[in-house]
Amino acid sequence: GFSMPLSAWFKGAWGTFIESVLRDADPTIFDRKVTQQLLDGQRRGFSNTGRLYALTFFELWRREYQATL
């Protein structure tokens, strides 16, 4: 196996993309306050990239397959 360089990706264009996806995520599924706390924590040096990556790709999957609650 190998690890993905999520921290490095988050600092570049992928970080901007992740923020835009999560900012526009369905508020009935995602708590915007918690999502913003994860993003803010990442900017302050906390290691939230795994969580942010998972949330982003879940939201992208949800959009693609039009899944709702």
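This text goes with the structure placed above it.
The following paragraphs examine the structure supplied in this document. (Residues numbered from 1 in each chain as written. Predicted model: local features only at pLDDT ≥ 70, side-chain atom pairs only at ≥ 80, totals over all residues. Heavy atoms only, no water.)

## Here's the deal with a nonpolar patch on the surface
Thinking step 1. Where nonpolar side chains cluster on the molecular surface, the patch consists of Phe2, Met4, Trp9, Trp14, Phe17 and Phe57 and spans about 630 Å² of accessible area.
Thinking step 2. Along the chain, methionine 4 falls in the segment before α1 (6-11). (Patch = residues over 30% accessible without salt bridge, like charges linked within 9 Å, V, L, I, M, F, W, Y side chains within 5 Å. Areas by Shrake-Rupley, 256 points an atom, 1.4 Å probe, with all protein chains shown as cover. Salt bridge = Lys/Arg side-chain N within 4 Å of Asp/Glu carboxyl O. Helix = DSSP H or I, 4+ residues; strand = E, 2+ residues; numbered from the N terminus.)

## Some points on the pattern of salt bridges
Thinking step 1. Within the structure shown, the criterion is met by 4 salt bridges.
Thinking step 2. Here arginine 43 makes a salt bridge to glutamate 19, at a shortest N to O gap of 2.7 Å. Residue arginine 43 is located in helix α3 (residues 32-43), and its partner glutamate 19 is located in helix α2 (residues 13-23); the two are separated by 24 residues in the primary sequence.
Thinking step 3. Among the salt bridges present, the one from arginine 63 reaches glutamate 59, with a minimum N-O distance of 2.9 Å. With arginine 63 and glutamate 59 both in helix α4 (residues 49-65), this residue pair falls 4 residues apart, about one helical turn.
Thinking step 4. Note on arginine 63: relative accessible area 34%, which makes it partly exposed.
Thinking step 5. With a relative accessible area of 0%, glutamate 59 lands in the buried category.
Thinking step 6. One salt-bridge network, in which partners are shared between bridges, spans Glu19, Asp40 and Arg43. (Buried < 20%, exposed > 50% of the residue type's maximum accessible area, 1.4 Å probe, protein only.)

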